[in-house]
Amino acid sequence: LGEAKNLPTYPGPNKMRDCYCTVNLDQEEVFRTKIVEKSLCPFYGEDFYCEIPRTFRHLSFYIFDRDVFRRDSIIGKVAIQKEDLQKYHNRDTWFQLQHVDADSEVQGKVHLELRLSEVITDTGVVCHKLATRVLECQGLPIVNGQCDPYATVTLAGPSRQSEAKKTKVKKKTNNPHFDEVFYFEVTRPSSYNKKSHFDIEDVDEVDKMEIRVDLWNASNLKFGDEFLGELRLPLKFLRQSSSYEAWYFLQPRDNGNKTLKPDDLGSLRLNVVYTEDHVFSSDYYSPLRDLLLKSADVEPVSASAAHILGEVCREKQEAAIPLVRLFLHYGRIVPFISAIANAEVKRTQKLFTSRDPNTIFRGNSLTSKCIDETMKLAGMHYLQVTLKPIIDEICQVHKPCEIDPVKLKDGENLENNRENLRQYVDRIFTVITKSGVSCPTVMCDIFFSLRESAAKRFQGDLDVRYTAVSSFIFLRFFAPAILSPNLFQLTPHHPDPQTSRTLTLISKTIQTLGSLSKSKSANFKESYMATFYDYFNEQKYADAVKNFLDLISSSGRRDHKSIEQPILLKEGFMIKRAQGRKRFGMKNFKKRWFRLTNHEFTYQKSKGDHPLCSIPIENILAVERLEEESFKMKNV
């Protein structure tokens, strides 16, 4: 996502806008950029990568203008059909922004069954009866992170229409099953006068009528339910006593609005790379898989298949992502990373006669990329329990923390800002250095290997056993997560500019505290950061870092359950169906307190009681998602 230019001015006095851009698969938002304030030519310069797990019709980019008091307004969009993505593959392209009408943003399809029958009543009056069965929908858009769809069905005639009939709302699904039938009657004028019936002078006038199905998302917002799409079917194609069943694509609602020309909305510069991988059955990959898994045992490791793969890939990240997933799945990630890390330490010692330990693991090598990817996968929950509470507070409270005298806003006090920032840094530093027992076992095993390898090769440097580990856990794990919490799932979107600046200052300080370098003030190019760091020049901070690093890398944990404190992932009351010990009889339902940790799944009568049942995590082989009505009981 490059930049936008020539956006329309805001109709207010300052004319500037606070813009951000979203990436959408059809209507589902998958990424959001930072907000660029007070600009009509915002520069984003952000990369976004994702794997697409489903079919889609359009890749869309929307430019929004943030509004503090109302819903953010859409300035325009760029929509690229899936078939056209190869035209723009891997090249910068300027796209004209197109006008967005909320009623035209539709996707998905609906499954209907229609029957038009001729009925003779007891009084001898002939009427036409239409039965409309709404079966299900597929591929409805997810709006604002949720989709609670329902359908309305209306029969429209030349001069009037029936009252809309509504299905039940289906919660939390974009593939709802309705299976509801609605009946509409068409009669002669003297027979009925209800609103839902139609005055027909001529039976042929039935052909002029149409059935309309509208799909809506039941929103809890004050702005009302969102329109998802509609379908209009004329009745003239229905023959009497015939049933028609088919899938229909939802269509946009035409409001006849013609507003700005595309040239008036500006343009957006994009570089899109779209690739499709054709995956065979797993049997085809067995020889390659077995060859890669043997890499840790190959001497030298530089001759192994995994290491060679890392050398031939243009970007080390391209090799690291699949390799880490493969080795993690088969429980071989620690020996593999230990082997390539040990080889890198040896190579560093040969290349640099001074044997400077600060040169190891600093580049974008296969070792560093594999460790980065492992920490992202294995350490995501660790970040959640460690950093998310205080990151959420920083994003919500908005305390002023700017310590650069040049950037101070009117009314801000430099000393107060320094104190606010110092308190945040102190709290985050404390939660990090006290989180050693929560560090995932696989990360501890890798850090133990790094520590041993570095200490063996650089015996004259007593601190190398710390710096080898801190270069990853602080420099490449905690500091980036604080700096860009949205990339580590700590926040849903980019923080606002003020919060982002606060997190940048915190990240810089935490990174320096964890580095254990001799002259820390010299690490800062900015004099105001060097002055601020004087608060943390006490020995207790260095001691806390070393104790933390000792804990997470002191030994290769094997029987991790005997050492590691279980991490609580989720707990709360749920309704449990009895196991049915008797062959005959009713299966009753009971309310129980459930706890899920990284070790086991348990339940008890109430919170704090002794568990009635405990299932080790490794014994859970499958999890099935159930619909709300699965047991014909609500919320079960």
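For the structure itself, consult the block above.
Here the structure is a predicted model, which means the values were calculated and not measured.

Draft legend 1. Region of interest: the sheet that holds strand β18 (residues 589-597). With respect to topology, four strands assemble into an open sheet ordered β17-β18-β19-β20, the strand pairing being antiparallel. Each having just a single partner strand, β17 (568-577) and β20 (613-616) make up the two edges of the open sheet. Looking at each pair of strands side by side, their axes are set apart by 20° on average, direction ignored.

Draft legend 2. View of the pairing of strand β16 (residues 267-270). Burial along β16 is two-sided: S267 and R269 and L268 and L270, pointing in opposite directions, are all buried. Here strand β1 (residues 4-5) pairs with β16 via two bridges, running antiparallel. Note on β16: the bridge partner recorded for A4 is L268. With four bridges connecting them, strand β6 (residues 93-96) and β16 associate as antiparallel partners. Its bridge partner lying in β16, Q96 is registered against S267.

Draft legend 3. The arrangement of helix α9 (residues 464-483) in detail. At S470, α9 shows its maximal bend, which comes to roughly 40°. Most of α9 is tucked away, with 16 of its 20 residues classed as buried.

Draft legend 4. Representation of the sheet that holds strand β9 (residues 149-156) within the structure. If you walk across this open sheet you meet the four strands as β10-β9-β13-β14, and the pairing is antiparallel. The sheet is open, and its two borders are formed by β10 (165-166) and β14 (226-234), each paired with just one other strand. As judged from the eight bridges shared by β9 and strand β13 (residues 210-217), these two strands associate in the antiparallel manner. From the neighbouring strand, P149 faces β13, where its bridge partner is N217.

Draft legend 5. Main features of the environment of N420. Tracing the backbone shows N420 in helix α7 (residues 414-433). Note on N420: relative accessible area 16%, which makes it buried. A sequence separation of 82 residues divides N420 from T502, and the C-alpha atoms of the two residues are 9.8 Å apart. With sequence-adjacent residues up to four places away left out, N420 is seen in contact with K399, P400 and C401. Polar side-chain contacts of N420 include one of 3.0 Å to the backbone oxygen of P400.

Draft legend 6. Layout of the packing of aromatic side chains. Tallying each qualifying case throughout the model produces 22 aromatic pairs. Relative to F548, the ring of F474 lies with its centre 5.9 Å away and its plane at 75°, an arrangement referred to as edge-to-face. Within this pair, whereas F474 is found in helix α9, its partner F548 is found in helix α12 (residues 539-553), the two being separated by 74 residues in sequence. Given the relative accessible area of 1%, F548 is considered buried. Considering the side-chain rings of F532 and F536, the 5.5 Å spacing of their centres and the 70° angle between planes classify their relative orientation as edge-to-face. For the pair F532 and F536, a shared accessibility class is recorded, and that class is buried.

Draft legend 7. Region of interest: the packing of α7 against helix α10 (residues 497-515). Remark: α7 packs on α10, axes separated minimally by 10 Å, with the N-to-C direction vectors making an angle of 50°. Between α7 and α10, the crossing angle belongs to the class labelled oblique. For the pair α7 and α10, the crossing hand works out as right-handed. Between α7 and α10, the contacting residues are L421, Y424, V425, I428, F429 and I432 on the first element and T502, L505, I506, T509, I510 and L513 on the second. Among the residues making up the contact of α7 with α10, the classes are represented as 10 nonpolar, two polar and no charged.

Draft legend 8. Examining the pairing of strand β4 (residues 58-65) more closely. Buried residues dominate β4, accounting for seven of its eight residues. As paired elements, strand β2 (residues 19-25) and β4 share seven bridges and run antiparallel to each other. Bridging from a neighbouring strand, V23 pairs with F61 of β4. The pairing of β4 with strand β5 (residues 73-81) spans eight bridges and is classified as antiparallel. Directly across from D65, in β5, lies its bridge partner S73.

What counts and how
- Residues numbered from 1 in each chain as written.
- Predicted model: local features only at pLDDT ≥ 70, side-chain atom pairs only at ≥ 80, totals over all residues.
- Heavy atoms only, no water.
- Pairing = 2+ DSSP bridges.
- Helix = DSSP H or I, 4+ residues; strand = E, 2+ residues; numbered from the N terminus.
- Axes fitted to C-alpha atoms, helices over the stretch in contact; angles between N-to-C directions.
- Buried < 20%, exposed > 50% of the residue type's maximum accessible area, 1.4 Å probe, protein only.
- Bend = angle between axes of the 7 residues up to and from the residue.
- Contact = heavy atoms within 4.5 Å.
- Polar contact = N/O pair within 3.5 Å; in protein donor to acceptor, adjacent residues only side chain to side chain.
- Phe/Tyr/Trp six-rings, centres within 6.5 Å; stacked < 30°, edge-to-face > 60°.
- Parallel < 35°, antiparallel > 145°, perpendicular 65-115°, else oblique.
- Left-handed = near helix turned anticlockwise from the far one by under 90°.
- Nonpolar A, V, L, I, M, F, W, Y, C, P; charged D, E, K, R; others polar.

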